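These are the residues of each chain, in order.
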Amino acid sequence: MNPSAPHAELIAAFKRAQADAAHKSGLVQVVAKKGPRAIQAAIETAAKADKRRDSFAKKLLALGVILTD
């Protein structure tokens, strides 16, 4: 399947959001030694990144684009 330009841009945005979500989820482990406030902030940031990723995935699904890893 050769996605059109708008689809390609949305797919690229999804892939960036996916990478960002994975990175921020990993940061939770890094800040674990810094205390509960740092952990909570990292968890909230990771949750926002996950939500952003899921939003892009939902938009792509609505356009009929199915992503496989």
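What you are looking at is a predicted structure, and each value in this text was computed from that prediction instead of being measured.

Caption draft 1: Spatial organisation of the environment of Ala-47. On the secondary structure map, Ala-47 appears in helix H2 (residues 36-62). A residue is classified by how much of its surface remains accessible, and Ala-47, at 42% relative accessible area, is partly exposed. Residues Ala-47 and Lys-24, spaced 23 residues apart in sequence, show a C-alpha to C-alpha distance of 8.6 Å.

Caption draft 2: Fine view of the environment of Ile-11. Its location among the elements puts Ile-11 in helix H1 (residues 5-30). Expressed as a C-alpha distance, the spacing of Ile-11 and Ile-66, which sit 55 residues apart in the sequence, is 10.0 Å.

Caption draft 3: Geometry of the environment of Leu-67. By the element assignment, Leu-67 lies in the segment after H2. You can call Leu-67 partly exposed: its relative accessible area is 32%. Sequence-wise, Leu-67 and Ile-11 are 56 residues apart; in three dimensions their C-alpha atoms are separated by 8.5 Å. Residues within four places of Leu-67 in sequence aside, it is in contact with Ile-11, Phe-14 and Leu-60.

Caption draft 4: Structural view of the pattern of salt bridges. Within the structure shown, the criterion is met by four salt bridges. For Arg-52, the salt bridge is made with Asp-20, and the minimal N-O distance between the two is 3.3 Å. Linking Arg-52 in helix H2 with Asp-20 in helix H1, this pair joins segments that are 32 residues apart in sequence. Take Asp-20: its relative accessible area is 24%, and that puts it in the partly exposed class. With a closest N to O distance of 3.4 Å, Asp-50 and Arg-53 form a salt bridge. Of the two residues, Asp-50 and Arg-53 both sit in helix H2, three residues apart, roughly one turn of that helix. When its relative accessible area of 24% is taken as the criterion, Asp-50 is described as partly exposed. The structure contains a network of salt bridges with shared partners spanning Asp-20, Lys-24 and Arg-52.

Basis of the calculations
Residues numbered from 1 in each chain as written. Predicted model: local features only at pLDDT ≥ 70, side-chain atom pairs only at ≥ 80, totals over all residues. Heavy atoms only, no water. Helix = DSSP H or I, 4+ residues; strand = E, 2+ residues; numbered from the N terminus. Buried < 20%, exposed > 50% of the residue type's maximum accessible area, 1.4 Å probe, protein only. Contact = heavy atoms within 4.5 Å. Salt bridge = Lys/Arg side-chain N within 4 Å of Asp/Glu carboxyl O.

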